[in-house]
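Each chain, letter by letter, is given below.
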Amino acid sequence: MSQRKYFFEYSTKRFSSRSYSTAFRLAMTVVLFILALVAMHHVIGEFTWDDIRKEFFLLDNTYIALSILATVASYLLLTIFDWIGIRLTDKRVPFSSLVMTAFIANALGHNLGMATLTGGTVRLRAYGDNGLHASEIAHIIATASLGFMVGGLFWLGVTLFNEPAYASQTFP
C-alpha cells in the first residue's frame, strides 16, 4: 500500500510540475503560430514575392526612412505607457524586461487584435515573472490601454481638424 501511495504522489508531482506546464505552453505557442501562418497564407496568398518586391522598390527612400523612424517612435511611446503603469504601482522592473515586455505585448496586441487581451497575456506572464501581482499587472494593462486610446483620439482630432471637408463628407 505504501508503494501505491508513493507512486500516486510521484505521478501527481510529475504531472503538476513546472516542466509539464512549460511543455504545454510551448505546444500551445507552436499550434497558435502554425494557425497564424495558415491565416496569413490565406490573406496574402494572392500576392507573389515579385509583386511585393516591385512595389517596394517603387517607394522613395525618404518615405521608407520616415516610416522606420515613425515605427521606432511609436514603440518608444507605447513603452512609456508601460513604464508609467509600473511607476503607478510603486514596483520596480528591470529596464530590459520592461522594454522587451512592452515591445512584444504591443507588437502582438496591435497586430493580432484585441490588444488588451493578447498584449495583456504577454504582460501577465512577463511582469508576473518579475514579482508583480495580477492586480498590479491589470493596472499596467489599463494604463497602457488608456494611453493608447488617448493617443488615438488625439490623432483623430488632428486629422479631423486638418481635413474638415473630408470629415464633413465622412461624418454627416
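Residues numbered from 1 in each chain as written. Predicted model: local features only at pLDDT ≥ 70, side-chain atom pairs only at ≥ 80, totals over all residues. Heavy atoms only, no water.

**Quick word on the nonpolar core**
For soluble globular proteins, nonpolar side chains are generally found buried alongside one another. Put simply, the rule is: What makes a nonpolar core is a set of buried Ala, Val, Leu, Ile, Met, Phe, Trp, Tyr and Cys residues whose side-chain atoms join them at distances within 4.5 Å. Type-normalised accessible area, obtained with a 1.4 Å probe on protein chains alone, sets the label of each residue: buried when under 20%, exposed when over 50%, and partly exposed for intermediate values. The criterion used for residue contact is that any of the two residues' heavy atoms lie within 4.5 Å.
If you look at the biggest cluster of nonpolar residues, it comprises 8 residues: Ile86, Val93, Leu98, Tyr127, Leu132, Ile137, Ile140 and Ile141. Setting aside anything within four residues of it in sequence, one finds leucine 98 in contact with Asp82, Trp83, Ile86, Val93 and Tyr127.

**Comments concerning a nonpolar patch on the surface**
Convention followed: Patch criteria: residues need more than 30% relative accessible area and no salt bridge. Like-charged residues are merged within 9 Å; nonpolar side chains of Val, Leu, Ile, Met, Phe, Trp and Tyr are merged within 5 Å. Residue burial considers only the protein chains on display, and all accessible areas are found by Shrake-Rupley using a 1.4 Å probe. When a carboxyl oxygen of Asp or Glu is within 4 Å of a side-chain nitrogen of Lys or Arg, the pair counts as a salt bridge. The helix count covers DSSP runs of H or I at least four residues long, the strand count covers runs of E at least two residues long, and both are numbered beginning at the N terminus.
A surface patch of nonpolar side chains, amounting to about 1300 Å² of accessible area, comprises Leu26, Val30, Phe33, Ile34, Leu37, Val38, Met40, Val43, Ile44, Phe47, Trp49 and Ile52. Listed by contribution, the elements that provide at least two residues to the nonpolar patch are α2 (18-44) and α3 (49-58). Top element by residues in the nonpolar patch is α2. It accounts for 9 residues. Assignment of secondary structure puts valine 43 in helix α2.

**Remarks on the pattern of salt bridges**
What the rule picks out here adds up to 4 salt bridges. A salt bridge links aspartate 50 to arginine 53, with the shortest nitrogen-to-oxygen separation between them at 3.7 Å. Pair noted here: aspartate 50 and arginine 53 are both in helix α3, with a separation of 3 residues, about one helical turn.

**A few points about unusual backbone geometry**
We note that aspartate 90 has phi near 60°; this positive angle belongs to a residue other than glycine. The topology assignment puts aspartate 90 in the loop between α4 (61-88) and α5 (95-112). Note on aspartate 90: relative accessible area 68%, which makes it exposed.

**Let's talk about the packing of α4 against α5**
The condition is simple: Note on geometry: axes are lines fitted to C-alpha atoms, helical ones only across the stretch in contact, with angles between N-to-C directions running from 0 to 180 degrees. Crossings are sorted by hand: turned counterclockwise from the far helix by less than a right angle, the near helix makes the crossing left-handed, and turned clockwise it makes it right-handed. The nonpolar class holds Ala, Val, Leu, Ile, Met, Phe, Trp, Tyr, Cys and Pro. Asp, Glu, Lys and Arg form the charged class, and all remaining residues, Gly among them, are polar.
It is the contact of α4 with α5, at a shortest axis distance of 9 Å, that shows an interaxial angle of 115°. The crossing of α4 and α5 is right-handed. On the side of α4, the interface is formed by Tyr75, Leu78, Thr79, Asp82, Trp83 and Ile86, while α5 contributes Leu98, Val99, Ala102, Phe103, Asn106, Ala107 and Asn111. Considering only residue class, the contact of α4 with α5 consists of 9 nonpolar, 3 polar and 1 charged.

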